[in-house]
2 protein chains.
Amino acid sequence: MRKIPKPTIRRLAIYYRCLERLEQQGEENISSKLLAQMVHIKDSQVRKDLSYFGSFGRRGIGYNIQKLLSEIRKILGIHKSWRVVIIGAGNIGQAIARFKHMEKHNFQVIGVFDTDKRKIGKQITNNLVVSDINSLESFIVHNQAEIAVIATPAEAAQSVAERLEKAGIRGIICFAPITLDCNIPVEYVDITVFFKTLVHSVVSQTHNV
Amino acid sequence: MRKIPKPTIRRLAIYYRCLERLEQQGEENISSKLLAQMVHIKDSQVRKDLSYFGSFGRRGIGYNIQKLLSEIRKILGIHKSWRVVIIGAGNIGQAIARFKHMEKHNFQVIGVFDTDKRKIGKQITNNLVVSDINSLESFIVHNQAEIAVIATPAEAAQSVAERLEKAGIRGIICFAPITLDCNIPVEYVDITVFFKTLVHSVVSQTHNV
């Protein structure tokens, strides 16, 4: 498999979301130009990104949406379902556990863990109850969980990551504001980065006026 | 002000988070090489990004952390405090409202709005109660809110965006899975993009072994 740069992967995930909506609306084809407009990315960039799939876009007709969705699913690795555990049942952990889009996108949350005795046993959704973190490793092994979300305070994140890696977790989404030292892939989510990027646009727009 | 590309802005926000931690740990200077290691970005890229500030890095000593923080704050526009309203008091809206890092990063949530009569009046934090969306415009004007978070269902997002723009909001963070048609800057947050990027790394790592 050809190595695809990370910014391209991120854009593919964004195109994916847009293409899904178009499919739901009953559309069959889309031009790179229209897709580019919808996601606010240059159309030359969109064409370059889609060239990773070989050239099945057709001049004057564009790309077949279903085919494109299926190719992106394969490249991203979301053609199969992924079993997810969440560590930390605070605001963010609970919001992710309840987030309906996760399941729709083939990410199935199967366990939520915390150290706090007041949270353990709490019903999060119809199928999810907060478990004691002591049972983390055995749960991961028995249920073949593959992805973990770290939504703990920063101080706890590194030791949790080590436990996850040892138990066989293959990738981590980290909401804690630290950089983890581990040998499996990690994606860091810092919501404040979106706010900072936004206010920069706001400020520079004002400067431009 | 020189126009800075968006990926650079995003990286500056990531450096910022890292530099803040170093400052808390009592560090005074940092080399571009060490900063690059901490954030998993090439050091040539870090040096290029920091060159937007002019060259106040000193050979053999590196960058002064406090000075760099203050410069990044100015570039990003977070040297001042921003007043934020949240539309939609569901899981995500509530998680953002309760998110302590927001205030630390100069984003002050001053109002939360919903249409759902069962949610209106609900206490979210010590200072925040869910308000009726009917009072949105007058609240924004009287409290000079500048940034809005759209955490509504997709169907409601466009009309909410139009109301926000008319009321004087200057930028939007959109969690709803749609592309908004409006004239103020918007940052889109799709949590599933992080999961998709992660599983791609997981899958391609396995391929490489």
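Residues numbered from 1 in each chain as written. Chains lettered and ligands numbered in written order. Predicted model: local features only at pLDDT ≥ 70, side-chain atom pairs only at ≥ 80, totals over all residues. Heavy atoms only, no water.

## Considering the overall build of chain A
As a reminder, the rule being used: The helix and strand labels rest on DSSP assignments: H or I over at least four residues marks a helix, E over at least two residues marks a strand, and numbering proceeds from the N terminus. Charge counting follows a simple rule: Lys and Arg are positive, Asp and Glu are negative, and His as well as the terminal groups are ignored. Where a charge lies is defined by one atom per residue type, namely NZ (Lys), CZ (Arg), CG (Asp) and CD (Glu).
Secondary structure assignment for chain A yields 9 helices and 9 strands. Seen through its principal axes, chain A has C-alpha atoms that stretch 60 × 45 × 35 Å. The averaged location of the 19 negative side-chain charges in chain A is 6 Å from the averaged location of its 29 positive side-chain charges.

## Re the packing of aromatic side chains
Our working rule: When the centres of two rings from Phe, Tyr and Trp lie within 6.5 Å, Trp using its six-membered ring, the rings pair. Their planes under 30 degrees apart give stacked, over 60 give edge-to-face, and anything left gives tilted. Burial classification: accessible surface area is computed with a 1.4 Å probe over protein chains only, and a residue below 20% of its type maximum counts as buried, one above 50% as exposed, and the rest as partly exposed. Think of it as a cone above the ring: NZ of Lys or CZ of Arg counts as a charge over the ring if it is within 6 Å of the ring centre and within 35 degrees of the ring normal.
Scanning the entire structure with this criterion turns up 5 aromatic pairs over all chains. Seen from their ring centres, phenylalanine 195 of chain A and phenylalanine 107 of chain B are 5.2 Å apart, and the 50 degrees between their planes marks the pair as tilted. With phenylalanine 195 of chain A in helix α9 (residues 191-208) and phenylalanine 107 of chain B in strand β4 (residues 107-114), the pair connects residues from two separate chains. By relative accessible area, which is 0% here, phenylalanine 195 of chain A ends up buried. The exposure class of phenylalanine 107 of chain B is buried, given its relative accessible area of 0%. Ring geometry for phenylalanine 113 of chain B versus phenylalanine 139 of chain B: centroids 5.3 Å apart, planes at 70 degrees, classification edge-to-face. Here the residue phenylalanine 113 of chain B occupies a position in strand β4, and phenylalanine 139 of chain B occupies one in helix α7 (residues 136-143), the gap between them amounting to 26 residues. Classification of phenylalanine 113 of chain B by relative accessible area gives buried; the value is 0%. The ring of tryptophan 82 of chain A carries lysine 80 of chain A above its face, with NZ or CZ at 4.3 Å from the centroid.

## What to know about the interface of chain B and chain A
Heads up, the condition is: Two residues form a contact once any of their heavy atoms are found within 4.5 Å. Buried area: the accessible surface (1.4 Å probe) lost by two parts on joining, summed over both. Within this document, salt bridges are pairs made up of a side-chain nitrogen of Lys or Arg and a carboxyl oxygen of Asp or Glu, the two lying within 4 Å of each other. For this analysis, a polar contact is any N or O atom pair within 3.5 Å, provided that within protein one partner can donate a hydrogen and the other can accept it, and provided that sequence-adjacent residues contribute only side-chain to side-chain pairs. Gly is placed with the polar residues, together with every amino acid not listed as nonpolar (Ala, Val, Leu, Ile, Met, Phe, Trp, Tyr, Cys and Pro) or charged (Asp, Glu, Lys and Arg).
Across the contact, 64 residues belong to chain B and 64 residues belong to chain A. Across the interface of chain B and chain A, roughly 6,000 Å² is buried in total on both sides, 73% from carbon and sulfur atoms. For the chain B face of the interface with chain A, the top three residues by lost area are Arg17, Phe195 and Lys196 of chain B, together amounting to 13%. Counting across the chain B and chain A interface gives 2 salt bridges. Between aspartate 190 of chain A and arginine 17 of chain B there is a salt bridge whose closest N-O contact spans 3.5 Å. At the surface where chain B touches chain A, the tally comes to 10 residue pairs in polar contact (both at pLDDT 80 or more). The leading source of residues in the side of chain B that touches chain A is helix α9 (residues 191-208) of chain B, at 17 residues. Here the side of chain B that touches chain A is built from residues that sort into 39 nonpolar, 16 polar and 9 charged.

## Thoughts on the nonpolar core
Convention followed: Definition used in this section: a nonpolar core is a set of buried Ala, Val, Leu, Ile, Met, Phe, Trp, Tyr and Cys residues joined via side-chain atoms within 4.5 Å.
If you look at the biggest cluster of nonpolar residues, it comprises 106 residues, and the most contacted ones within it are Tyr15, Leu19 and Phe195 of chain A together with Tyr15, Leu19 and Phe195 of chain B. If you look at the next biggest cluster of nonpolar residues, it comprises 24 residues, including Phe113, Leu136, Ile172 and Cys182 of chain B.

## Considerations on the domain arrangement of chain A
Residue and element names in this part refer to chain A. Heads up, the rule is: Here the bounds of each domain stem from an automatic or database domain assignment.
Domain annotation for chain A reports domain 1 (6-74) and domain 2 (82-192). For the pair domain 1 and domain 2, the interface holds 1 salt bridge. When the shortest N-O distance is used, the salt bridge between glutamate 187 and arginine 10 registers 3.6 Å. Along the contact surface separating domain 1 from domain 2 lie 0 residue pairs in polar contact (both at pLDDT 80 or more). Considered class by class, the residues forming the side of domain 1 that touches domain 2 number 1 nonpolar, 1 polar and 3 charged.

## Details of the confidence of the model for chain A
Put simply, the rule reads: By definition, pLDDT measures how confident the predictor is in each residue, and it falls between 0 and 100.
A residue-level look at chain A finds 94% of positions with pLDDT of 70 or above and a mean pLDDT of 89. For this predicted complex, the interface confidence score (ipTM) comes to 0.82, while the overall pTM stands at 0.81.

## Some details on the relation of the copies chain B and chain A
We count it as follows: Here the copies are superposed with least squares, the fitted atoms being C-alpha atoms of residues at a pLDDT of at least 70 in both.
Note on the identical chains: chain B maps onto chain A by a rotation of 180 degrees and an axial translation of 0.0 Å, with an RMSD of 0.0 Å. Taken together, the rotation angle and the small translation identify this as a two-fold axis. Closest approach to the rotation axis among the C-alpha atoms of chain B is made by alanine 95 of chain B, whose C-alpha sits 3.3 Å away. Looking at chain B, 100% of its interface residues are interface residues in chain A too, so the copies touch through the same face.

## Some words on the sheet that holds strand β7 (residues 147-150) of chain A
Residue and element names in this part refer to chain A. Condition: We call two strands paired when DSSP finds no fewer than two bridges between them. Helix axes use the C-alpha atoms of the stretch in contact, all axes being lines fitted to C-alpha atoms, and the angles between their N-to-C directions lie in the range 0 to 180 degrees.
Reading across the sheet, the 7 strands line up as β5-β6-β4-β3-β7-β8-β9 and stay open at both edges, with mixed pairing between neighbours. Each of the sheet's edge strands pairs with one partner strand only, and the pair in question is β5 (123-125) and β9 (186-188). Each adjacent strand pair in this sheet contributes to an overall mean axis angle of 30 degrees, direction not counted. Bridging between β5 and strand β6 (residues 128-132) involves 2 bridges; their strand directions are antiparallel. Looking across to β6, one finds that glutamine 123 is bridged to valine 129.

## Notes on the pattern of salt bridges
Applying the stated rule across the entire model yields 23 salt bridges over all chains. A salt bridge links arginine 11 of chain B to aspartate 49 of chain B, with the shortest nitrogen-to-oxygen separation between them at 2.6 Å. Of this pair, arginine 11 of chain B sits in helix α1 (residues 6-24) while aspartate 49 of chain B sits in helix α3 (residues 43-50), placing them 38 residues apart in sequence. An identical accessibility class is assigned to arginine 11 of chain B and aspartate 49 of chain B; each is buried. Shared partners join several salt bridges into a network, and the residues in it are Lys80, Arg83, Glu146 and Arg170 of chain A.

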